Amino acid sequence: LVAPGGIVILSTPNRTPASWAVLIGGAEILTRAIPRGAHDWQRFMTPEELAEALNHAGLDVIDRQGLGWSPGQGFHLSGDLSVNYFLTAVPR
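Residues numbered from 1 in each chain as written. Predicted model: local features only at pLDDT ≥ 70, side-chain atom pairs only at ≥ 80, totals over all residues. Heavy atoms only, no water.

Details of the sheet that holds strand S4 (residues 84-91)
Strand order across the open sheet formed by 4 strands is S1-S4-S2-S3, with antiparallel pairing between neighbours. Of all the strands in the sheet, just strand S1 (8-13) and strand S3 (74-78) have a single pairing partner and so form its edges. Strand after strand, the sheet turns through a mean of 30° between neighbouring axes, direction not considered. Judged from the 7 bridges that link them, strand S2 (residues 59-70) and S4 form a sheet pairing that is antiparallel. Across the sheet, Arg-64 pairs through a bridge with Leu-87, a residue of S4. Seen against the sheet, helix H2 (residues 47-56) touches S1, S2 and S4 and runs at an angle of roughly 150° to S2. (Pairing = 2+ DSSP bridges. Helix = DSSP H or I, 4+ residues; strand = E, 2+ residues; numbered from the N terminus. Axes fitted to C-alpha atoms, helices over the stretch in contact; angles between N-to-C directions. Contact = heavy atoms within 4.5 Å.)

Laid out in C-alpha cells, this is it:
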C-alpha cells in the first residue's frame, strides 16, 4: 500500500551474468561472505520486469539507479544496473 503522494523505493539484484558472478560466484562460493544458496539467480528480476510488475500494481517508475562499489567511494549510486539496482515509483 502506498498513500497518495507517497513513494516506493525498491532495491534488488538484476538477472545478468554480472550479478551471478558477484553475488553467487563471488559472495557465496568464493569468499563465503553470504551463506551458500542465499540467492536464487533464476528469481532475480530485470529492471524491465520489475517496472512492468509495478505498472500492473498502479505505480509509475520515475527513476532507475544502479548500486555501484569502488574502493574510493564504497557503495554509491551508479548508472550501471547490471548487478544491483534501485527503482523509484509513485502511485498514479
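Some details on the pairing of S4
Pairing between S1 and S4: 6 bridges, direction antiparallel. Its bridge partner being in S4, Thr-12 is matched across the sheet by Tyr-85.

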